[in-house]
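Chain residues, written in single-letter form:
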Amino acid sequence: MSTDEPQGADSPEGATHRTGAGPQPSYHHGDLRRTILAAAVDVIATEGPAALSLRDLARRAGVSHAAPAHHFKDRTGLLTAVATEAYTLFADSLSEVTGLREKGARYVRFATGHPAHFQVMFQPDLYRTDDAALVAARERAARTLREGVADLPADTEDTVGSPDSPDSTDAEEARRTGVAAWSLAHGFAALLLSHNLTGFLGDRDPEEAFRSVAEAVFGGGRR
């Protein structure tokens, strides 16, 4: 795929749709990036990350095949942007509640509300894990998850999916609790998205169903 800079009406500052008769409204610089990113999320939700193609996304947006490359460079760059957005939205949602069980319920809400983002963020082979914006978003999400375990050490520097080794028995217990809660929420969300909990859920709200499972696992006294 060519990475030549788009020119003329296909540039990000003045890209126009090619479909339909007559001139179409122009994209502003930021609008094209947002349009491509939203289209990518739609493709992932329906066909999976493997179906992503910058050329196809350009066609969907009605711009030259080089226009998406101006913003994302390549397919990996696009998926890195999707993952960064995912962790940002994830952290925003988790930060609105307190307590281990409620953060787990928000975990489930995020997965059901943003299935494409959820699918990408936990496949680090798809994106550039050392991207600065992604690292910052992921670490923020990790902090909000750690806040759900009251005795988790505040100076632990782990991120979601890459915990450091604890330095004490108390820290080890906190880490086990955190990993157990994370495993429960992630497993519940994954089973939900793969339609393996239909019989269990019935007419219940997924978040309420998760809360009942969390209470059965951790007990009523655990937050």
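A. Representation of the packing of aromatic side chains. Scanning the model with the defined rule gives 7 aromatic pairs in all. Judged by centre distance (5.3 Å) and plane angle (65°), the rings of F118 and F122 are edge-to-face. With relative accessibility at 6%, the residue F118 sits in the buried group. Here F122 falls in the partly exposed class, since its relative accessible area comes to 24%. Seen from their ring centres, F188 and F210 are 5.5 Å apart, and the 75° between their planes marks the pair as edge-to-face. A residue pair is termed long-range when its members are at least 10 positions apart, and F188 in helix α8 (residues 169-193) and F210 in helix α10 (residues 206-218) qualify at 22 residues. Residue F188 shares its accessibility class with F210, and that shared class is buried. Taken together, the ring pairs connect Y87, F90, Y107, F110, F118 and F122 into an aromatic cluster. In this arrangement the basic side chain of R204 is found over the ring face of F200, its NZ or CZ atom lying 4.5 Å from the centre.

B. View of the pattern of salt bridges. A full pass over the atoms with the stated rule returns 15 salt bridges. Residue R106 is joined to E96 by a salt bridge in which the shortest nitrogen-to-oxygen separation is 2.6 Å. Of this pair, R106 sits in helix α5 (residues 100-113) while E96 is found in the loop between α4 (75-94) and α5, placing the two residues 10 residues apart along the sequence. Among the charged side chains, a network of salt bridges with common partners joins E102, R109, E207, E208 and R211.

C. Expanded view of the side chain of H117. Tracing the chain through its elements places H117 in helix α6 (residues 115-121). Residue classification places H117 among the buried positions, given a relative accessible area of 6%. A polar contact of 2.6 Å, which involves the side chain of H117, links it to the side chain of E85. Leaving out residues up to four positions away in the same chain, H117 has contacts with V41, V82, E85, A86, L89 and F110.

D. Geometry of the packing of α4 against helix α7 (residues 132-146). Put simply, α4 and α7 touch, their axes get as near as 8 Å, and they point 25° apart. Between α4 and α7, the crossing angle belongs to the class labelled roughly parallel. In this structure, α4 crosses over α7, and the sense of that crossing is left-handed. Listed contacts from α7 to T80, A83, T84, Y87, T88, F90, A91, D92 and L94 of α4 are A133, L134, A137, R138, R140, A141, T144 and L145. Each residue belonging to the contact of α4 with α7 can be placed in one class, and the counts come to 10 nonpolar, 4 polar and 3 charged.

The rules behind the values
Residues numbered from 1 in each chain as written. Predicted model: local features only at pLDDT ≥ 70, side-chain atom pairs only at ≥ 80, totals over all residues. Heavy atoms only, no water. Phe/Tyr/Trp six-rings, centres within 6.5 Å; stacked < 30°, edge-to-face > 60°. Buried < 20%, exposed > 50% of the residue type's maximum accessible area, 1.4 Å probe, protein only. Helix = DSSP H or I, 4+ residues; strand = E, 2+ residues; numbered from the N terminus. Lys NZ or Arg CZ within 6 Å of the ring centre and 35° of its normal. Salt bridge = Lys/Arg side-chain N within 4 Å of Asp/Glu carboxyl O. Polar contact = N/O pair within 3.5 Å; in protein donor to acceptor, adjacent residues only side chain to side chain. Contact = heavy atoms within 4.5 Å. Axes fitted to C-alpha atoms, helices over the stretch in contact; angles between N-to-C directions. Parallel < 35°, antiparallel > 145°, perpendicular 65-115°, else oblique. Left-handed = near helix turned anticlockwise from the far one by under 90°. Nonpolar A, V, L, I, M, F, W, Y, C, P; charged D, E, K, R; others polar.

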